[in-house]
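# Report on the structure
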Amino acid sequence: MNAPQTPVGDGSHKPQPHKRRARPYTAHPRSFRKPARTERPANQRMRPRSGRPQRRNHPQQDTRPRNQAVEKTVLPVLDEDTVRIIPLGGVEEVGRNMAAIELKEGILVIDAGFQFVSEGVAPGIDYILPNTRYLEENKHRILGVFITHGHLDHIGGIPFILDRIGNPPVYTQYLTSLMIKKRHEEFPHLPAMVVHVMEQNGRVSVGGVIIKTFPVTHSIPDSMGLSIQTKHGNIVISGDLRLEHEDEIPTEKEEKNWSALGKDKNLIFIADSTNAEKGGFSIPEARVYKTIDDIIKNVKGRLIIGTFSSQFERMVRIIQTAEQYGKKIVTEGRSIKTNIEIAQRGNIFTPKPGTIIPSEQIGDYPPDKIVIIATGSQGEESAALMRIATKKHKTISFTERDTVVLSSSVIPGNEVRVQKLKDNLLRHNITLMHYRSSDVHSTGHGNTGELVWMQKKVKPTFFMPAYGYHSMLRYHAAAQIASGFPKENVIIADNGMVIEIKNGTELLIRKEKVPSGPMMVDGFTIGDMQEVVIRDRQSLSSDGMFVIIATVNLRTGQLKKSPDIISRGFIYLRESQGLLSETRLLIKKSVEDLASDMNPIDLEYIKSNLTDTVERYLFQKTSKRPMVIPVLIGV
Ligand SMILES: [Zn+2]
């Protein structure tokens, strides 16, 4: 993606050519006359709540979005005794993970994720990205981007971000590199990307900084943590992770990996907090495999498993188990198909020929030989599971003999959708199993028992919980402090906070912050200044819209006829005739009163006043604030 595109909808910040529009009248400029401006719909203008439209002296010079017009963050040049850590995303949310590690030699960027947005928060927005402005301003100092693993909250931002920060080289492990490249293919306009594949326990020197990787257990292969060498100890970053364990005793492999890490002098440990609100140890994935093995083996009739395509290892395991019992696999959902393709390309596993069959061939086999893996376990409307459940799928429909397993937990915010999915599924009299009814899901993130164990191995001087909402960071910190970690060495960060550690001992939170407001991806547009668009969408979704169409005689200032009103989502017009006729009268009076003083008649000015008057009136009458859009036609 090239330079930030300005979204349509926020007219006041638009870097538009300042073209003068021919006006249907000529005259002596009077005091209220504004400079001619490009015609825009009223709802796309910034205007004060009352009074006259806001003046901008040189709109054509101000091409920066409003909240980018703040001054550049200038931070002091670092010496070799100081390290700087700037979380750019992921410490106030689950998702859009990104951090800048700044040393004397340059900046290392860790992860570049995005966050999916729920409808209520930002209607119509596809994803939220970390704010990369500090990196854009300092792109000449970026040494590389290190990606810990292939989940979208760590790689999803790459196609939108990489070009903006100077297209630095990407370092990651093999499977992740395949996933990044596969996604990159969907953005053919982007420049080629340089990806260096690192080994497990690999080591690379970039711009004089040595970075080591260490393997971690997560729900996708080739997940890694990072250890960045500095003069006063290593900066250790966990990535997403959990522990492989049996009855809360970590396996030998974990013991070995983490003990090795603890041999270094570690300055700070930055660690996953996603599951830190849960104590003890998480359910071992081995137990989940065992449960799913039993289900695949024993279920009579068809088996439909809904899971996340990001649960890469589980998906592979399901296919292998099905093969073991001579069953056929049908995959439903693009992300599942893509990830199976990537698994094959990455030699992680290759299904036997004939194991995966197209859904059209389901009828060629007895039902108990069929396992369907489907997307949509979060109740997504357009995903496979919901389409089958609502009889919208072209080849698959449920029968009473089917068993559906939801092999995932409910992501917070999706409760209502998942409930709807369960109800729709059960209307078909199927058998339903989910993570609350049996061990069919475990998470990729460790509980505090695991996190404390890791911390004790790493033995850092400082500790910073990351990857989670603020509450999760707090729980994580509390657990570490309870286990004996010194409270004063814990850093609970916000996005954009500038953290410095000097001489390996002195901690400083700088008073300057770098920009951290979310950057939105709205279709093909990226920007961090779409508050106006979002606010419009929110107000449309809550109180609807109210369009006024009136024809004004530019000579007399009188309305040609009673104004037309079009409204959606506001009130039921047919039952509100009284309100409508009063509003029409108000519109007529307010346009004609304003116009009577004007020569020439300034429709822009009238529109803006009219909007305020009608908004106020409708609010008094209905307690609602529909978006009022006046369309005045001068004749
Ligand atoms: Zn992950």
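We now turn to the structure provided with this report.

Each value, and the rule that gives it
Residues numbered from 1 in each chain as written. Predicted model: local features only at pLDDT ≥ 70, side-chain atom pairs only at ≥ 80, totals over all residues. Heavy atoms only, no water. Helix = DSSP H or I, 4+ residues; strand = E, 2+ residues; numbered from the N terminus. Buried < 20%, exposed > 50% of the residue type's maximum accessible area, 1.4 Å probe, protein only. Contact = heavy atoms within 4.5 Å. Areas by Shrake-Rupley, 256 points an atom, 1.4 Å probe, with all protein chains shown as cover. Axes fitted to C-alpha atoms, helices over the stretch in contact; angles between N-to-C directions. Left-handed = near helix turned anticlockwise from the far one by under 90°. Nonpolar A, V, L, I, M, F, W, Y, C, P; charged D, E, K, R; others polar. Donors = N, O, S within 2.8 Å, 3.2 Å for Na, K, Ca; no water. Parallel < 35°, antiparallel > 145°, perpendicular 65-115°, else oblique. Pairing = 2+ DSSP bridges. Salt bridge = Lys/Arg side-chain N within 4 Å of Asp/Glu carboxyl O. Phe/Tyr/Trp six-rings, centres within 6.5 Å; stacked < 30°, edge-to-face > 60°. Polar contact = N/O pair within 3.5 Å; in protein donor to acceptor, adjacent residues only side chain to side chain. Patch = residues over 30% accessible without salt bridge, like charges linked within 9 Å, V, L, I, M, F, W, Y side chains within 5 Å. Arc of directions from axis to C-beta.

### Points about the overall build of the protein chain
When helices and strands are tallied, the protein chain shows 15 helices and 28 strands. Burial status across the protein chain gives 57% buried among its 635 residues. Residue pairs at least 24 apart in sequence account for 73% of intrachain contacts in the protein chain once pairs closer than 6 positions are excluded. Surface accessibility of the protein chain: about 28300 Å² in total, with carbon and sulfur atoms responsible for 51%.

### A short note on the packing of helix α6 (residues 285-298) against helix α7 (residues 312-324)
Where α6 contacts α7, the two axes come as close as 10 Å, and the packing angle between them is 35°. Judged by the twist between their axes, the crossing of α6 over α7 is right-handed. Contacts between α6 and α7 involve E285, V288, Y289, I292, D293 and I296 from the first element and E313, R314, R317, I318, T321 and A322 from the second. The residue makeup of the contact of α6 with α7, split by class, is 6 nonpolar, 1 polar and 5 charged.

### Regarding the coordination of the zinc ion
Protein coordination of the zinc ion is provided by H149 (NE2), H151 (ND1), H218 (NE2) and D240 (OD), with donor distances spanning 2.1 to 2.3 Å. Read in sequence order, the donor residues for the zinc ion give the motif H-x1-H-x66-H-x21-D. Linking H149 in the loop between β6 (142-146) and α2 (152-155) with H218 in the loop between β10 (209-215) and β11 (224-228), this pair joins segments that are 69 residues apart in sequence. Judged by its relative accessible area of 5%, H218 falls in the buried class.

### A short note on the packing of helix α14 (residues 577-596) against helix α15 (residues 603-622)
Put simply, α14 and α15 touch, their axes get as near as 10 Å, and they point 150° apart. For the element pair α14 / α15, the angle class is roughly antiparallel. Crossing of α14 against α15: the hand is right-handed. Residues L579, E582, T583, L586, I587, S590, V591, L594 and A595 of α14 form the contact with α15, whose own contacting residues are I606, N609, L610, T613, V614, Y617, L618, K621 and T622. Looking at the contact of α14 with α15 residue by residue, the class counts come to 11 nonpolar, 5 polar and 2 charged.

### Focus on the sheet that holds strand β26 (residues 545-552)
If you walk across this open sheet you meet the 3 strands as β27-β26-β28, and the pairing is mixed. Both outer strands of the open sheet, β27 (564-568) and β28 (627-634), are each paired with one neighbouring strand and no more. In this sheet, adjacent strand axes meet at a mean angle of 15° when their direction is disregarded. As defined by bridge partners, β26 adjoins β27 across 5 bridges and the pair is classed as antiparallel. The residue of β27 that forms the bridge with I549 is D564. Running over the sheet, α15 touches β26 and β28 and is turned about 145° from β28.

### Quick word on the pattern of salt bridges
Oppositely charged side chains can pair when the atoms bearing their charge come close. The tally for this structure, following the rule as stated, stands at 27 salt bridges. Each of R84, E102, R141, E500, R510 and E512 takes part in one network of salt bridges that share partners.

### Examining the packing of aromatic side chains
This model, assessed by the stated rule, comprises 8 aromatic pairs. Judged by centre distance (4.0 Å) and plane angle (5°), the rings of F114 and Y127 are stacked. In this pair, F114 is assigned in the loop between β3 (106-110) and β4 (115-116) and Y127 in strand β5 (residues 127-129), connecting sequence segments 13 residues apart. Centre to centre, the rings of F214 and W258 are 5.5 Å apart; their planes meet at 70°, and the pair counts as edge-to-face. Of this pair, F214 sits in strand β10 while W258 is found in helix α5 (residues 252-262), placing the two residues 44 residues apart along the sequence. Using a relative accessible area of 4% as the deciding quantity, one classes F214 as buried. One aromatic cluster in this structure is built from F114, Y127, F160 and F187.

### Describing the environment of L554
Relative to the elements of secondary structure, L554 occurs in the loop between β26 and β27. Residues L554 and L603, 49 residues apart in the sequence, show an inter-C-alpha distance of 9.0 Å.

### Section: the side chain of E102
Secondary-structure assignment places E102 in strand β2 (residues 98-103). On the accessibility criterion, E102 (3% relative accessible area) is buried. In terms of polar contacts, E102 uses its side chain to reach the side chain of Y134, at 2.8 Å. If we skip the residues at most four places from it in the chain, E102 touches L78, V83, R84, I86, I107, Y134 and R141.

### Some words on the environment of G517
In this fold, G517 is placed in the loop between β23 (506-513) and β24 (519-522). Distance in space between the C-alpha atoms of G517 and N131 is 6.0 Å, their sequence separation being 386 residues. Discounting residues that sit within four places of it in the chain, G517 has contacts with R96 and N131.

### Regarding a nonpolar patch on the surface
A cluster of nonpolar side chains, contributed by V631, I633 and V635, occupies part of the molecular surface with about 220 Å² of accessible area. Following the sequence through the fold, I633 ends up in strand β28.

### Some points on the environment of Y171
Note that Y171 resides in strand β7 (residues 170-173). The spatial distance from the C-alpha of Y171 to the C-alpha of V194 is 8.6 Å, given a sequence separation of 23 residues. Apart from residues no more than four positions distant in its own chain, Y171 is found in contact with L143, G144, V145, F146, I147, H196, M198, V204, V206 and M224.

### Remarks on unusual backbone geometry
Non-glycine residue N429 carries a positive phi angle of around 60°. With respect to the secondary-structure elements, N429 resides in the loop between α10 (415-426) and β20 (431-434).

### Considerations on the sheet that holds strand β15 (residues 266-272)
With mixed pairing, 6 strands are arranged side by side in an open sheet as β9-β10-β11-β12-β15-β21. One side of each edge strand has no neighbouring strand; the edge strands of this open sheet are β9 (203-206) and β21 (462-466). Within the sheet, the average angular offset between the axes of one strand and its neighbour, ignoring direction, is 20°. As paired strands, β9 and β10 are joined by 4 bridges and run antiparallel to one another. The residue bridging V204 from the neighbouring strand is I211, located in β10. Along the sheet, helix α12 (residues 470-482) makes contact with β15 and β21, crossing β21 at roughly 145°.

### Remarks on α5
Buried within α5 we find E254, N257, W258, L261 and G262. Mapping the buried residues of α5 onto a view down its axis gives an arc of 135°, with all of them on the same face. Seen from the open side of α5, the exposed residues pointing more than 90 degrees away from its buried face are E252 and K256. Tucked inside the fold, the buried residues of α5 contact β10, β11, β12 (234-237), β14 (249-250), β15 and α11 (448-458).

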